[in-house]
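So the chains spell out like this:
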Amino acid sequence: MKHLLCIVLLCSSLLWGCERQPPAPIEEDAGGQSAAYGDTLLMGSIGEPSNLLPVLASDSASFDINALVYNGLVRYDKNLQVEGDLARSWDISPDSLRITFHLRQDVRWHDGHPLTAEDVLFTYRLLVDPAVPTAYAERYRQVVKAEAPDAYTFRVSYARPLASALVSWMFPVHPKHLLEGRDVTKSPLARAPVGTGPYRFVEWKSGEKVVLEANPDYFEGRPNIRRVVYRIIPDPSTMFLELRSGGLDLMDLTPLQYARQTDTVAFRRRFEKFHYPDFAYTYLGFNLRRPLFQDVRVRRALAHAVNKQELVDGVLLGLGVAATGPYKPGSWPHNPQVRRYAYDPVKARQMLEEAGWHDRDGDGVREKDGQRFSFTIVTNQGNDQRIKAGEIIQRRFREVGVEVKLRVIEWASFLKEFINPGNFDATILGWTITPDPDSYNIWHSSKTGVGELNFIGFESAEVDTLLEAGRRTLDQDRRKEIYGRFQEILAEEQPYIFLYVPETLPVVARRFHGIEPAPSGIMHNFIHWYVPREQQKYQR
Amino acid sequence: MLVQIAKRLIMMVPLLLGITLISFVVIHLAPGEPTDLQTQLNPEVSAELRQRLRAQYDLDQPLLVQYGKWLGRLARLDFGESFVQDRRPVAEKIAERLPVTLMINVLSIGLILLIAVPLGVLSAVRRNSLFDRFTTVFVFLGFATPSFWLALLLMDFFGVRLGLFPVAGLKSLGHEYLSTGHQIADVLHHLILPVFVSAFGGLAGFSRYMRGNMLEVIRQDYILTARAKGLSERVVVYRHALRNALLPVITILGLSIPGLIGGSVIFETIFAIPGMGKMFYDGVMMRDYPLIMGVLVIGAVLTLSGNLLADLAYAMADPRIRRR
């Protein structure tokens, strides 16, 4: 479930101007074995993809598959810098209002049709077409003019500078010749996509698997791995057993599996484990409309009462880091110089006393003006880490005289009954971290309405100004300043207690070579992975 | 007899309508809507877009209008299209999943009958013997063992450690390259663990039920008569007693038909089997109204016809009922 919101938050970052340099093909790895074509990679997916037409898809399984079948105009490289994909290069006008993409001329759709700027223009029209039920329209509606002056040039104009304009063109380009004039919601491409990417779609057996095959005509060269099979295995324990029995080559482990169940010689001989920070963080958010949390001293006191390291150790088994703000530690927008709240229950108690909360009747819970300091934390069902974090926090709050109840609710009810109408005291939730720091929708005071994302009701005039400036500025240094200040304010105000950034824990069978972990993960050079001929397991 | 059947069939229509109306209302009462998955907590979606999506699925119309439209389509035997992004016809989705679930459940009911009937008969005949006590303990163990736990244990032992059976799924990789014979063998190989797990839990109820029936029947006068005639114990038990003890089993079988299509979410999930149970569960979680309604209607029709069939079978087996 939580993945669903991740994908939609997907792309966003702006770093322009870099000409794309084709990555050097890996011919040899450290072991001196040469790259060979062939073999099959079996990947495990918890969920069944819903729709392989990117404009309609909004789940992570569909997104993972589409990433291999389609290309956008640009993409992130391994260091999360924007590089060209279908676009050879691009120019941004000096007033930042117009982007002109120059397309590669050697790209063909999987059915042999050449890709042209008309396809890109068509994709844009699809995204803003009111008849297309897509969740991605918003950003593209800010385009005032889109045109294809010639077959390999595509140009978009904006009324105002938009920081995320360039990265919005990471969206997969759809084939015009197969979709034009038809009802996209009934397109056969939803079940059998035709893209330009490194892998071609072969078959999709509902509830079972999706099979892809290397595209021999891929413009960056044929991928080394001949086939990719996504096996749909809804249960995480089953998936792990399948991995151990050889039925899977790649999956994401849970912290428990990573730390306790895979630390054997036999496992390490067959699999290689990786870990790097995930693009997500978990937080405890206070409903600022409730009188209980309106005093900033109270929020700071509670921040001192939470032992973040204990959460990382207890919930993630050490596989993560404490969070201080909404950006990934080590990324360019992240500001490490913000106010921190060390775990200090003595100080927390003292601050609560100062705020007027005293335990006069000796029941261990503080009161003020006849009201007990007692509230409920709500979180969604299906995410054990959040529930465990809630239990640990509950105990720590109790120690400083604050009573907490924990309620776990099914996702749809959780949103409908609690989050959207603002009917909660505090909540443990998570957000996906995008490479672009724009956080307008989550923190701007205009976004506090029913069903909007600033559901905790945070309002700050200075933050509003910063967020507005941030999304209209394209200069990275200037943006770093803006978002640096933004993080300082969040740290001072503590509307969220930022809890932790977990790690992604992928594991890959050892026969796959050429894997190169980078800030963007391990999949960025997937087409260069290979299995030496003598280690290949599947012949067809 | 025919008149009676016709009457029963006509009676089923209002019953079915009632069931669908209640289901429809209850489903829509549950918080959350199908479009929420795409739009909730999504910074890219504006309120206007949300409205547009809702309008596309008729969700902005009054409930009764939505129900009317749905009913109109159902009258033409059209279950509509799934709301969840792929928008495929519900009938097609169900048809894809139904055979797998049916196969597993039929196999597992067959296995249950095969084991439970003799087990029940034997423990009734040898009541309070060591065998009876042993089976009692055994079947209750089966009853008390959570099926997901048993499944994981078996998968770990037979699948990972011994490598005898596939851990999950229904077909091996490269299944399509096998000959027909090997394909069937491959599927059966994959089915052994799931069918065993699904049968294991059902054994207890069934064999206890069989034992109870048998004990009841053995006490009857006609069994005494049969014994007095000097018939052998075998004939008394298997010809006279068993046939009568099996009668109530027909009812149970009739009632288990809807269970056949519902399948079991738990073991379909654990064994990664693309069946109805899992699809229905996902449909509910995603508030895919047409899919939920489609499965419910089929379930309701099957329950009602299962009942009818059981009654008919009963009438055929027991002349006393036919005459009434």
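Residues numbered from 1 in each chain as written. Chains lettered and ligands numbered in written order. Predicted model: local features only at pLDDT ≥ 70, side-chain atom pairs only at ≥ 80, totals over all residues. Heavy atoms only, no water.

**Re the packing of helix α6 (residues 236-245) of chain A against helix α7 (residues 147-161) of chain B**
(1) Moving on: The N-to-C vectors of α6(A) and α7(B) enclose an angle of 10°; their axes lie 9 Å apart at closest approach. Considering the angle they form, α6(A) stands roughly parallel to α7(B). Taken as a pair, α6(A) and α7(B) cross one another with a handedness that is right-handed. Taking contact as the criterion, the partners of A:Ser237, A:Thr238, A:Leu241, A:Arg244 and A:Ser245 in α6(A) are, on α7(B), B:Leu152, B:Met155, B:Asp156, B:Gly159, B:Val160 and B:Arg161. (Axes fitted to C-alpha atoms, helices over the stretch in contact; angles between N-to-C directions. Helix = DSSP H or I, 4+ residues; strand = E, 2+ residues; numbered from the N terminus. Parallel < 35°, antiparallel > 145°, perpendicular 65-115°, else oblique. Left-handed = near helix turned anticlockwise from the far one by under 90°. Contact = heavy atoms within 4.5 Å.)

**Structural notes on the UniProt feature "transmembrane region" (unreviewed entry) in chain B**
Residues and elements named next belong to chain B.
(1) Moving on: Summarizing the sequence annotation, UniProt attributes the feature "transmembrane region" (unreviewed entry) to residues 9-30, 102-125, 137-167, 187-206, 245-271 and 291-314 in the numbering used throughout.
(2) Moving on: Taken end to end, residues 187-206 is 100% helix and 0% strand, and its two terminal C-alpha atoms sit 27 Å from one another.
(3) Moving on: What you have in residues 291-314 is 100% helix and 0% strand, and the ends, taken at the C-alpha atoms, are 34 Å apart. (UniProt positions renumbered as here; feature names shortened; annotations may be inferred.)

**Remarks on the packing of aromatic side chains**
Residue and element names in this part refer to chain A.
(1) Moving on: With the rule as written, the count across this model stands at 39 aromatic pairs over all chains.
(2) Moving on: Between Tyr 283 and Tyr 496, the aromatic rings sit 3.8 Å apart at their centres with planes inclined by 5°, giving stacked as the arrangement. Highlighted residues: Tyr 283 in strand β14 (residues 280-286) and Tyr 496 in strand β21 (residues 496-504), separated in sequence by 213 residues.
(3) Moving on: Its relative accessible area of 0% is what places Tyr 283 among the buried residues.
(4) Moving on: The class for Tyr 496 is buried, based on a relative accessible area of 1%.
(5) Moving on: Taking the centre distance of 4.6 Å and the plane angle of 45° together, the rings of Trp 357 and Phe 373 count as tilted. Here the residue Trp 357 occupies a position in the loop between α11 (345-354) and β16 (367-368), and Phe 373 occupies one in the loop between β17 (371-372) and β18 (374-380), the gap between them amounting to 16 residues. In this structure, Trp 357 and Phe 373 share a single accessibility class: buried. (Phe/Tyr/Trp six-rings, centres within 6.5 Å; stacked < 30°, edge-to-face > 60°. Buried < 20%, exposed > 50% of the residue type's maximum accessible area, 1.4 Å probe, protein only.)

**Let's talk about helix α12 (residues 384-399) of chain A**
All names here are of chain A.
(1) Moving on: In a regular helix each residue adds 1.5 Å, so 16 residues correspond to 22 Å; α12 covers 23 Å between its end C-alpha atoms and thus fits that length.
(2) Moving on: Within the sequence span of α12, burial applies to Arg 386, Ile 387, Ala 389, Gly 390, Ile 393, Arg 396 and Phe 397.
(3) Moving on: At the N-terminal end of α12, a side-chain oxygen is found 3.2 Å from the backbone nitrogen of Gln 385, two or three residues along, and the residue is Asn 383.
(4) Moving on: Of the residues flanking the end of α12, it is Gly 401, one or two places downstream, whose phi is positive at about 90°. (Expected span 1.5 Å × (residues − 1). Polar contact = N/O pair within 3.5 Å; in protein donor to acceptor, adjacent residues only side chain to side chain.)

**Looking at a nonpolar patch on the surface**
Residues and elements named next belong to chain B.
(1) Moving on: A cluster of nonpolar side chains, Leu 21, Val 25, Leu 29, Leu 63 and Leu 64, forms an exposed patch at the surface whose accessible area comes to about 450 Å².
(2) Moving on: It is helix α1 (residues 2-29) that provides the largest number of residues to the nonpolar patch, a total of three residues.
(3) Moving on: Following the sequence through the fold, Leu 63 ends up in helix α4 (residues 63-75). (Patch = residues over 30% accessible without salt bridge, like charges linked within 9 Å, V, L, I, M, F, W, Y side chains within 5 Å. Areas by Shrake-Rupley, 256 points an atom, 1.4 Å probe, with all protein chains shown as cover. Salt bridge = Lys/Arg side-chain N within 4 Å of Asp/Glu carboxyl O.)

**With respect to the pairing of β21(A)**
Residues and elements named next belong to chain A.
(1) Moving on: Counting buried positions over the nine residues of β21 gives eight, a clear majority of the element.
(2) Moving on: The sheet contact formed by strand β13 (residues 276-277) and β21 spans two bridges and is antiparallel. Of the residues in β21, the one forming a bridge with Tyr 276 is Thr 504.
(3) Moving on: Pairing of β14 with β21, which is carried by four bridges, proceeds in the antiparallel orientation. Residue pairing for β21: Tyr 283 is matched across the bridge by Phe 498.
(4) Moving on: Sheet analysis places strand β15 (residues 320-322) next to β21, joined by three bridges and oriented antiparallel. Each residue of the ladder has a partner; that of Gly 320, found in β21, is Pro 502. (Pairing = 2+ DSSP bridges.)

**Re the domain arrangement of chain A**
Residues and elements named next belong to chain A.
(1) Moving on: Here the domain parsing of chain A yields domain 1 (11-69 + 197-275 + 505-535), domain 2 (74-181) and domain 3 (280-503).
(2) Moving on: Computed from C-alpha atoms alone, the centre-to-centre distance between domain 1 and domain 3 is 34 Å.
(3) Moving on: Contact with domain 1, which involves 13 residues of that partner, is made by 13 residues of domain 3.
(4) Moving on: Of the roughly 1100 Å² buried at the junction of domain 1 and domain 3 (both faces included), carbon and sulfur atoms supply 65%.
(5) Moving on: Linking domain 1 with domain 3 are zero salt bridges. (Domains from an automatic or database assignment. Buried area = accessible area lost by both parts, 1.4 Å probe.)

**Details of the interface of chain A and chain B**
(1) Moving on: Taken together, the 60 residues of chain A in the interface contact 45 residues of chain B.
(2) Moving on: Here chain A and chain B share an interface that buries about 4700 Å² over both sides, 54% of which is from carbon and sulfur atoms.
(3) Moving on: It is A:Pro133, A:Ala135 and A:Leu241 in chain A that bury the most area against chain B; as a group they hold 11% of the surface buried on that side.
(4) Moving on: Between A:Glu48 and B:Arg97 there is a salt bridge, with the nearest N and O atoms lying 3.5 Å from each other.
(5) Moving on: Broken down by secondary-structure element, the contributors of at least two residues to the side of chain A that touches chain B are α1 (2-8), β1 (38-45), α4 (137-140), β10 (225-232), α6 and α13 (411-419) of chain A.

**With respect to the side chain of B:Ser82**
Residue and element names in this part refer to chain B.
(1) Moving on: Tracing the chain through its elements places Ser 82 in the loop between α4 and α5 (90-125).
(2) Moving on: Using a relative accessible area of 0% as the deciding quantity, one classes Ser 82 as buried.
(3) Moving on: Separated by 3.2 Å, the side chains of Ser 82 and Lys 93 make a polar contact.
(4) Moving on: In this structure Ser 82 touches Arg 87, Arg 88, Val 90, Lys 93 and Asp 288, once residues within four positions along its chain are discounted.

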